[in-house]
Amino acid sequence: MNQQLEDLFEFLRFPSISTDSKHAGDVRNCANWIIEKLTGMGLTTELHETPKHPIVIARNQHEAGKKTVLIYGHYDVQPVDPVELWDTSPFEPVLKDGRIWARGATDNKGQMLAHVLGVEETLKEEGELPVNLIFLFEGEEEIGSPNLVPFLKEHKDDLACDVIAVSDTGMVARGVPTMGYGLRGISCCEVTVRGPKGDLHSGVYGGAVANPATAVAQLVASLHDDEGNIAIEGFYDDVRPLETWEREMWATVPGMSDDDLLKITGSPAPFGEPGYSSAERLWARPTAEVNGIGGGYQGEGSKTVLPAKAMAKFSFRLVPDQDPKDISAKVKAHLEKHCPPGVTVDVEVGHDGKPYICDPHSENGKAGQVALEQAFGKAPVLIREGGSIPIIQDMKEILGVESLMLGLALPDCQIHAPNENYYVENFEGGIRLNKALLKELAK
Ligand code: BES
Ligand code: ZN
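Residues numbered from 1 in each chain as written. Chains lettered and ligands numbered in written order. Predicted model: local features only at pLDDT ≥ 70, side-chain atom pairs only at ≥ 80, totals over all residues. Heavy atoms only, no water.

As recorded in an unreviewed UniProt entry, the protein goes by Peptidase M20 dimerisation domain-containing protein and comes from Oceaniferula spumae.

A. Here's a closer look at the packing of helix H1 (residues 3-12) against helix H2 (residues 24-40). Look at H1 against H2: their axes get within 10 Å of each other, and the N-to-C directions meet at 155°. Overall, the two elements H1 and H2 adopt an arrangement that is roughly antiparallel. Where H1 approaches H2, its residues Asp7, Glu10 and Phe11 are matched on the opposing element by Cys30, Trp33, Ile34 and Lys37. Here the contact of H1 with H2 is built from residues that sort into four nonpolar, no polar and three charged. (Axes fitted to C-alpha atoms, helices over the stretch in contact; angles between N-to-C directions. Helix = DSSP H or I, 4+ residues; strand = E, 2+ residues; numbered from the N terminus. Parallel < 35°, antiparallel > 145°, perpendicular 65-115°, else oblique. Contact = heavy atoms within 4.5 Å. Nonpolar A, V, L, I, M, F, W, Y, C, P; charged D, E, K, R; others polar.)

B. Examining the UniProt feature "domain: Peptidase M20 dimerisation" (unreviewed entry) in the protein more closely. Here the UniProt feature "domain: Peptidase M20 dimerisation" (unreviewed entry) sits at residues 181-342. Its end C-alpha atoms 47 Å apart, residues 181-342 is made of 29% helix and 22% strand. (UniProt positions renumbered as here; feature names shortened; annotations may be inferred.)

C. Summary view of the nonpolar core. In this structure, Leu38, Tyr72, Phe135 and Leu136 are the most contacted members of the largest nonpolar core, which totals 98 residues. Cys189, Val191, Val220 and Phe314 belong to the second-largest nonpolar core, a separate cluster that totals 23 residues. (Core = buried A, V, L, I, M, F, W, Y, C linked by side-chain atoms within 4.5 Å. Buried < 20%, exposed > 50% of the residue type's maximum accessible area, 1.4 Å probe, protein only.)

D. Up close: the site of ligand 1. Surveying the vicinity of ligand 1 reveals 16 residues, the closest of which are Glu141, Asp168, Arg317, Ser388 and His416. Taking aspartate 168, its side chain carries an N or O atom lying 2.7 Å from a nitrogen atom of ligand 1. Between ligand 1 and serine 388 there is a distance of 2.9 Å, counted from a nitrogen atom to a backbone nitrogen or oxygen. Against a free-state accessible area of 520 Å², the protein chains account for coverage of 89% of ligand 1. Of the residues assigned to the shell around ligand 1, the class counts are three nonpolar, seven polar and six charged. (Near = heavy atom within 4 Å. Polar contact = N/O pair within 3.5 Å; in protein donor to acceptor, adjacent residues only side chain to side chain. Areas by Shrake-Rupley, 256 points an atom, 1.4 Å probe, with all protein chains shown as cover.)

E. How the structure looks around the environment of serine 277. Note on placement: serine 277 falls in the loop between helix H7 (258-265) and helix H8 (278-284). Spatially, the C-alpha atoms of serine 277 and methionine 256 are 9.1 Å apart, while their sequence positions differ by 21 residues.

F. Structural context of the coordination of the zinc ion (ligand 2). At the metal site, the zinc ion (ligand 2) is ligated by Asp107 (OD), Glu142 (OE), Glu142 (OE) and His416 (NE2), and these contacts range over 1.9 to 2.7 Å. Around the zinc ion (ligand 2), the six donor atoms are arranged such that angles at the metal cover 53 to 154°; this shape is classified as irregular. Here the donor residues for the zinc ion (ligand 2) map to a single chain with the spacing D-x34-E-x273-H. Residue glutamate 142 is found in the loop between strand E6 (132-138) and helix H4 (148-154), and its partner histidine 416 is found in the loop between strand E17 (403-406) and strand E18 (421-423); the two are separated by 274 residues along the sequence. Take glutamate 142: its relative accessible area is 16%, and that puts it in the buried class. (Donors = N, O, S within 2.8 Å, 3.2 Å for Na, K, Ca; no water. Tetrahedral: all angles 85-135°; square planar, octahedral: opposite > 155°, others 65-115°.)

G. Representation of the sheet that holds E18 within the structure. Taken together, three strands build an open sheet; the order of strands is E4-E5-E18 and the sheet is antiparallel. Taken across any chain shown, the strands that pair with only one partner, and hence form the sheet edges, are strand E4 (94-96) and E18. Across this sheet, the average inter-strand angle for adjacent strands is 25°, counted without regard to direction. Bridge count between strand E5 (residues 99-101) and E18: three bridges; the pairing is antiparallel. The partner of isoleucine 100 across the bridge, within E18, is tyrosine 422. Against the sheet, helix H3 (residues 105-126) engages E5 and E18, with an angle of about 40° to E18. (Pairing = 2+ DSSP bridges.)

H. A look at the side chain of glutamine 111. Summarising the element assignment, glutamine 111 is placed in helix H3. One polar contact links the side chain of glutamine 111 to the main-chain carbonyl oxygen of threonine 106, over a distance of 3.0 Å.

I. Spotlight on unusual backbone geometry. Cis peptide bonds are those with omega within 30 degrees of zero, and the linkage from aspartate 81 to proline 82 qualifies with 0°. Inspection of the secondary structure puts proline 82 in the loop between strand E3 (68-74) and E4. Note the cis peptide between aspartate 107 and asparagine 108, where omega equals 5°. For asparagine 108, the position within the fold is in helix H3. Positive phi is not limited to glycine here, since aspartate 97 has a value of about 55°. Relative to the helices and strands, aspartate 97 resides in the loop between E4 and E5. The phi dihedral of glutamine 414 is positive, around 55°, even though this residue is not glycine.

J. Quick peek at the sheet that holds strand E14 (residues 344-353). If you walk across this open sheet you meet the four strands as E11-E13-E9-E14, and the pairing is antiparallel. On the outer flanks of this sheet lie strand E11 (287-295) and E14, each paired with one strand and no other. Each strand of the sheet is rotated relative to its neighbour by a mean of 15°, with strand direction disregarded. Bridge analysis of E11 against strand E13 (residues 309-318) gives eight bridges, and the strand direction is antiparallel. Across the sheet, valine 290 pairs through a bridge with phenylalanine 314, a residue of E13. Contacting strand E9 (185-194), E11, E13 and E14, helix H5 (residues 212-221) crosses the sheet at an angle of about 15° to E13.

K. The pattern of salt bridges, seen in detail. One pass over the structure, following the stated rule, counts 24 salt bridges. For lysine 22, the salt bridge identified is with aspartate 20, shortest N-O distance 3.5 Å. Overall, the relative accessible area of 69% leaves lysine 22 in the exposed class. Note on aspartate 20: relative accessible area 22%, which makes it partly exposed. When salt bridges with common partners are traced through the structure, they connect Asp7, Lys37 and Glu120 into a single cluster. (Salt bridge = Lys/Arg side-chain N within 4 Å of Asp/Glu carboxyl O.)

L. Representation of the packing of H1 against H3. The geometry of H1 relative to H3 is characterised by a closest axis approach of 10 Å and an angle of 140° between their N-to-C directions. Classified by the interaxial angle, the pair formed by H1 and H3 is oblique. In this structure, H1 crosses over H3, and the sense of that crossing is right-handed. Here Gln4, Asp7, Leu8, Phe11 and Leu12 of H1 lie close against H3, whose contacting residues are Ala105, Lys109, Gly110, Met112, Leu113, Leu117, Glu120 and Glu121. (Left-handed = near helix turned anticlockwise from the far one by under 90°.)

Here is the structure:
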């Protein structure tokens, strides 16, 4: 195995799960490993403490007259459960069938390290970089970046730059370079429905006391109409319609047919808002999803119980120009209004993030497209993304700069799921991409 793969394997061995306080030490060790790597490359590094996980900054020697490029990434990862569904251990990376299998391999350590190693190669080959570089790596992306916004505000001047580059998104298919010019936003909430003061015998009391699990099911069902449109009052008020050129362009993007979707997801049929293609539903339309639902007996066999409470967790994906706070308020009002009689509902609003959109044909956008073509041998497709990286819009507002999203995740990389993996060809392509990108942006 070459040194670059060795580096990635070392990086992947840290179980840097940001949401789990048991792993706080692992997150920190991982940050220290990055610091060591970047220092070894000759960059000046800073480790910034936050109330939770550290932020890593690194720079080369900046020179007046050169463009400043900020490269953002995250070194935290999602939890591994259900761990029994992994074929190999999530933090013992293995190389098999041209892919690296480990939690974080694609999201985001493998993509982040491609940037780092591209810079390392350029420094070895040229002695210096064509741009002033700022690396900004956080350990809290997967929990909504709670400490990065205050950090950006506090260090606004130190982080001043001309453009931001991020590899934390997708490529539509193998060998199809992809530039993202939009991200969906997100609003999360959790609902608890309560009925009797404790679990009841469902024969002795069922029929005369409302069932909280039924009420949760009714609330979930109330979110959509029969056609699949979201039924929350005012939900679509600020949705920016798709542009004609986007619809035309997306209709030609490979890997996005209904057949492709069914193959990759294993679902029996396509589904969604009437009047839109799958690509449009994923990239430019908002959604209401149940992420978890529970209450009552879930063990083997049957148990005749009327549960005292039931719950559901929701996330709403948002598009320009929806505002997450406005949506959270509308969702809360909807759930309270639709709560059936005989139970009480408590809606706890969770974290959120704004949607993002930029012009893929700006000067920097064109440089990004040229770099993708050089690294992967053909012109990139231009897409918006279904996923969210809330800090991208925050950086636009605080630093006043656009982000180029140069994704290396493939549809079967299984990010956030068991058996996450990363194609070695995209790791290598990502390293070439970083080198080409810095050159193109410097012009
Ligand atoms: N890298 C993903 C986001 C992503 C994946 C964008 C694929 C486009 C294509 C990121 O790490 C992520 O998972 N973000 C979370 C954000 C949330 C926790 C606020 C998401 O989208 O669920
Ligand atoms: Zn993620």
